[in-house]
Each structure stands twice: as structure tokens, then as C-alpha cells.
Amino acid sequence: MNLNISIILFLQLFFGNTFCLLPGAEPDEGDVRHLYPPVYIGVGLGEHAHAIPYLLGWLENLDYPKDRIRLELFILNKEDATIHQVKWWIDSTKQYFKSVKVTEDSENWMESALRNGRLQKSERCLLFSGDTVPTEVNMIQLLSNEKSHVVVSPLFRSIDDSFNIEDPSESLLERKNVREEIVSFALPIAINLVSMDSSYLTFDKNNLPYYKGADDPTEVFVTSAKTMGISLWADNQVNYGIFVNPELDIDDRRNTIRYHIADMIADEKPLPFVSRSVRPWQPEATKQGVDKIYLINLKRRSERLDRMQKIFDLLGIEYSLLEATDGQKLDQLPEDLKNYHILDKYLDPITKRPMKNGEIGCFLSHYRIWQDVVKNKYEKVIVFEDDLRFSHDGLTRVREVLQDLGASGKEWDLIYLGRKKQSDNEELWISYHRHLSSVEYSYWTLGYMLSLRGAEKLLAAEPLNKMVPVDEYLPIMFDKHPNKDWSSQFEHRNLNAFTLYPLVVFPQRYTNQPGYISDTEDSVIVTIKPINTEL
């Protein structure tokens, strides 16, 4: 037998599929091993049941040959369902990877992972924890595209503007530089095991002669890197995924991931992958402490309804759909709404134009809700429009303001959950309330809380006889509107209005952002017909 063939057969027998091509040899057609070096992935999991379905979903969808990946999942504690989720998942997917292993009770899981990656002759070692949920399926390739960078951490951001990397620079955040040197350790971390110097990297202080620093494995690792002159790099080539700040308590971490995904839905961004075998938990839908939650949606805007349904399901909001009055179909109004009249001499305060059909439709949509509140004698309701996003932990503030109102007995009619302040006048905190403030002239009706008494006041003023846009009408009714001529047309301006700080909801998009659509601003201006005075 030819000697060279004998050597190759020996290498195949001894090393299996992990051996490298011989120098100068060309890969066979279809052989991609030289493009996809063997990778070891070590994952440290504690109380991460809220993140597990998305982490495992990402592993399932990695754009990397699974037979080139050795996977080890370290269970660091057993306080929640993490271990059960992991074992269930392994039973259904282990056949796709080169190897899959579960390790429990490791004292220094990162050192164990690094050592195992070396022993298994992997060329790349990727370590991450359940505090990050990757969404980029090409992350392994992106972190390995600069061979001289031995240690690289991808940047992850949280909805609360915290990061997995300590104090990232503005140039990195703005992608003026997509990769920068950093001084601190951060997970996830990718290590090039082929680099000769990387063999000295360690998370175990016993491997560093004369080491006198802290026992923290991450500090040991940073010291070992400095000793070998290895730089730590942060990478922000793409949006890598979600960061959930481990310093938060477990309930806040669970909420954070849901709010972050809800924000991604609002932004119409690619969502985290969900495992085919381990599904995420969602809270039971409730009315958040009120009698009814209305969602206003135009029938021809089904994409907005689909988006809001996903967000409400994720956050546990039970709602009732109100089909909006369409400004394009005002000729089809029911009899009780047909006889509206726009306020004499009304002109938009900013553009100086008359009212638009879309603004009429918007007003009538809210008016119909006020009627429904009074008809059914709901004590308190929430009204949402369909073009909003939720701020982090916004629904917690809703529940807390209701608790505070119940304890203080404070009378209220309307509370803004989202708005645009239009006045420079000072707003003041309300005593004995965590989030409640007085309110000045404001725009927007994308979200507000309304009491039965408030709905009665809004209807009693007979606004269909002197209609203005709804976000002008509300400030008139709590007597903070700057146009006193308009206000004088409404005798009783005694709506008890407040606002929340911080706000609960914001617009999905602002007017200067790509994809912004407004069914009020983009509608036709109303033509005021002259009144017939002949007898």
C-alpha cells in the first residue's frame, strides 16, 4: 500500500473527522471542514428558565454544521425548571450535534469548559451564560473573522440600557468602530484555541504562579491574558441579541426578557428563536386591575392588530377590540354619530389647517369608548391605541398606581399612560403616590386610564356639537389648554387629570422615523360647508 495513503488512513482512524487537511492538500468537493473549524460551546445556567427556550432555539438554528459542535451545558443551581428543560431538550436534539453533555455542580464551570474544549481538540471555544439570549445565527463566524484577536466578546444590550460589557464606548455603540479593545471580562466570550498563546489562558488561580489577586475566575482570566499580552476585544458588528442584567432579582429578569421581546416586536425586528421542544412561559392574561382594556384598531390596519396581539400575549394583557371609526368612511356613520359639528374657527395650532377626516374618526372612536364605559358602568378602564410600545416594566407602574389610588382615596378622572408634553409649566408629584404627577397641556391619546366619572364628564360636555381633535379636547376638559377661546366653549372644565412618571407607553414610531404612518395626519382635510341661513 502507498505510504501516503497509509498515513491518511491512520489519521482518519485515530482522529476521526476532526483531523486537519494535510499541508497543500485540496479539500474534496463538498468537504467544508476547513470552513467550519470544530467548536466547543459551554453554557453556564442557573435560574434561567425564562431564557432557556430562546437559548436552545438559537442553538437549534445556528448557521454552523452541528456535527462540528461539541456542546456542554453546566447546571449551576436547581432553583427553577432549568435542569428539567435542558434534559428534555437534549433527549430530542442530541443526535444533531457532535456531542452533548450535561454537567452538574461544577465549582468553576468556565475553567472546566475551557479545559474540555482543549481536550476535545476544538479550534474555537465559545462560553456564555443564560444572561444573554443570542439572536445572530452567524455569531461563531463573526467572532472568528479576525484570527489575530484571540479573545472576543460580542456586545449585548438590555431594554434598560445595561450591557454585558462594562462601560462600552460611544464609538463602539454607534458602530464607528465595530471592534474595540476592552479591559474587563464579559460573557459571552469566544477564544481562539489554535493560537499558541491561548494555551496559557485560565480561569483557575492555581494555574497562575505567584497570583495574589481575587479568587473570581473572571479576574484570574484577565490576569492570565495580560500575562501573555493577549488583548480582550468587544465586537459590535451586528445586533447579537438580548442581555438580561443578572443583578436584577429573578422576577425582574423574567419581566425584562418579555419587555425586550415586546419592544423587538414593536420595532419589527427579527425575534429570538424559540426551541421546537421547550416553549417559553407566558403570563396569564389579565385586565391589570381595571374593569376593561380597550384596543382601538382600524379594520384595514390588520398588521397593527397582529403586532399588538403578540405584544399583549407576551405581557399578559386581556383586552377587548374596538373597531375604530374610519375617517375614510364618515358617510357610513350610524345615526347617533352623524350630526357632529366642528368647532367654529378651529385651526390646528401648529399647521394652521382645518380638522382632518382621520381626526374626526379618531375622536369618534374614543367617544364610543366613553359611551361604552358609561353604559356598562365600568369604574375604571384603560384605553390603548394600536401604534404603541411599552416602556420597561410599564405594567408594574399601572398596578402600583392603582394600589396607591386605592390607599390614598385620591379622586381622579383621567391618567395619561403615554403623552407628549406641550407646555413648559412645572408638573408636580402627588403626595403618597409613587408614580403620579399633575399634568399640563399635553398631546397624544395612545394610552390613558379613565374612570366612570371621567367618562361621564367627557360626554356631558356634548363635544360632538363643537368637535376638536381628541388630544386637544382632553386638555380643554382639565382646563390646561392655552387657547382660551376654544376652552370657553366648554362650560365645565373640571376633569381631574394626572400623568404617570415614567410613562407606560410610547409611540411605535415618531414622525421623522422610517415606516411612520398616521391615519389622522395622512387623511383628507375637512371641507366646511356654509350654513344655510335662508328660511
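Everything quoted here is computed from the prediction, not taken from an experiment.

Thresholds applied
Residues numbered from 1 in each chain as written. Predicted model: local features only at pLDDT ≥ 70, side-chain atom pairs only at ≥ 80, totals over all residues. Heavy atoms only, no water. Pairing = 2+ DSSP bridges. Helix = DSSP H or I, 4+ residues; strand = E, 2+ residues; numbered from the N terminus. Axes fitted to C-alpha atoms, helices over the stretch in contact; angles between N-to-C directions. Contact = heavy atoms within 4.5 Å. Phe/Tyr/Trp six-rings, centres within 6.5 Å; stacked < 30°, edge-to-face > 60°. Buried < 20%, exposed > 50% of the residue type's maximum accessible area, 1.4 Å probe, protein only. pLDDT = per-residue confidence, 0-100. Polar contact = N/O pair within 3.5 Å; in protein donor to acceptor, adjacent residues only side chain to side chain.

Caption draft 1: The arrangement of the sheet that holds strand β9 (residues 232–235) in detail. On the basis of which strands lie adjacent, the open sheet formed by eight strands has the order β3-β2-β1-β4-β8-β6-β9-β7 and mixed pairing. Edge positions in the sheet fall to β3 (99–104) and β7 (179–182), since each has one partner strand and no second. For this sheet the average axis-to-axis angle between neighbouring strands, irrespective of direction, equals 20 degrees. Bridge count for strand β6 (residues 151–154) against strand β8 (residues 189–192) is two bridges, and the pairing is antiparallel. Bridging from a neighbouring strand, Val152 pairs with Ala190 of β8. On top of the sheet, helix α2 (residues 52–61) reaches β1 (39–45), β2 (69–75) and β4 (124–129); it is set at about 160 degrees to β4, its chief contact.

Caption draft 2: Here's a closer look at the packing of aromatic side chains. On inspection of all chains with the given rule, the structure shows 22 aromatic pairs. Consider the rings of Phe74 and Trp109, whose centres lie 5.7 Å apart with planes at 45 degrees: the pair is tilted. You can see Phe74 sitting in strand β2 and its partner Trp109 sitting in helix α4 (residues 109–119), a full 35 residues away along the chain. The class for Phe74 is buried, based on a relative accessible area of 1%. Pairwise contacts between aromatic rings join Phe363, Tyr367, Trp370, Tyr473 and Phe490 into one cluster.

Caption draft 3: Region of interest: the confidence of the model for the protein. Chain-level statistics for the protein give a pLDDT mean of 91 and a share of 89% at 70 or above. The low-confidence segment residues 5–25 (pLDDT under 50) makes 16 contacts with residues lying over four places distant or belonging to another chain. Considering only residues more than four positions removed or in separate chains, one finds that residues 529–535, a stretch of pLDDT under 50, has zero contacts.

Caption draft 4: Structural detail: α2. When you tally the buried positions in α2, you get nine out of 10 residues, the bulk of the element. Taken as a whole, α2 has its buried residues at Ile52, Pro53, Tyr54, Leu55, Leu56, Gly57, Trp58, Leu59 and Glu60.

Caption draft 5: Structural context of the sheet that holds strand β18 (residues 497–500). In spatial order, the strands read β12-β11-β13-β17-β15-β18-β16; together these seven strands make up an open sheet with mixed pairing. The strands lining the two open edges of the sheet, one partner per strand, are β12 (320–323) and β16 (436–437). As paired strands, strand β11 (residues 292–297) and β12 are joined by four bridges and run parallel to one another. The partner of Asn297 across the bridge, within β12, is Glu323. Of the strands in this sheet, β11, β12, β13 (380–385) and β17 (442–451) are in contact with helix α11 (residues 357–376), which crosses β11 at around 160 degrees. Relative to β17, helix α14 (residues 470–477) is tilted by about 60 degrees, and along the sheet it contacts β15 (414–421) and β17.

Caption draft 6: A look at the side chain of Glu440. Its location among the elements puts Glu440 in the loop between β16 and β17. On the basis of relative accessibility, which here comes to 10%, the residue Glu440 falls in the buried class. A distance of 3.3 Å separates the side chain of Glu440 from the side chain of Asn425, its partner in a polar contact. Sequence-distant contacts of Glu440, defined by excluding residues within four places in its chain, comprise Arg419, Ser423, Asn425, Glu426, Glu427, Phe478 and Lys480.

Caption draft 7: Region of interest: the pairing of β18. Of the two faces of β18, the one holding Ala497 and Thr499 and the one holding Phe498 and Leu500 are both buried throughout. Inspection of the sheet shows β15 paired to β18 by three bridges, in the parallel sense. Its bridge partner being in β18, Leu414 is matched across the sheet by Ala497. Sheet analysis places β16 next to β18, joined by two bridges and oriented antiparallel. Residue pairing for β18: Ser437 is matched across the bridge by Thr499.

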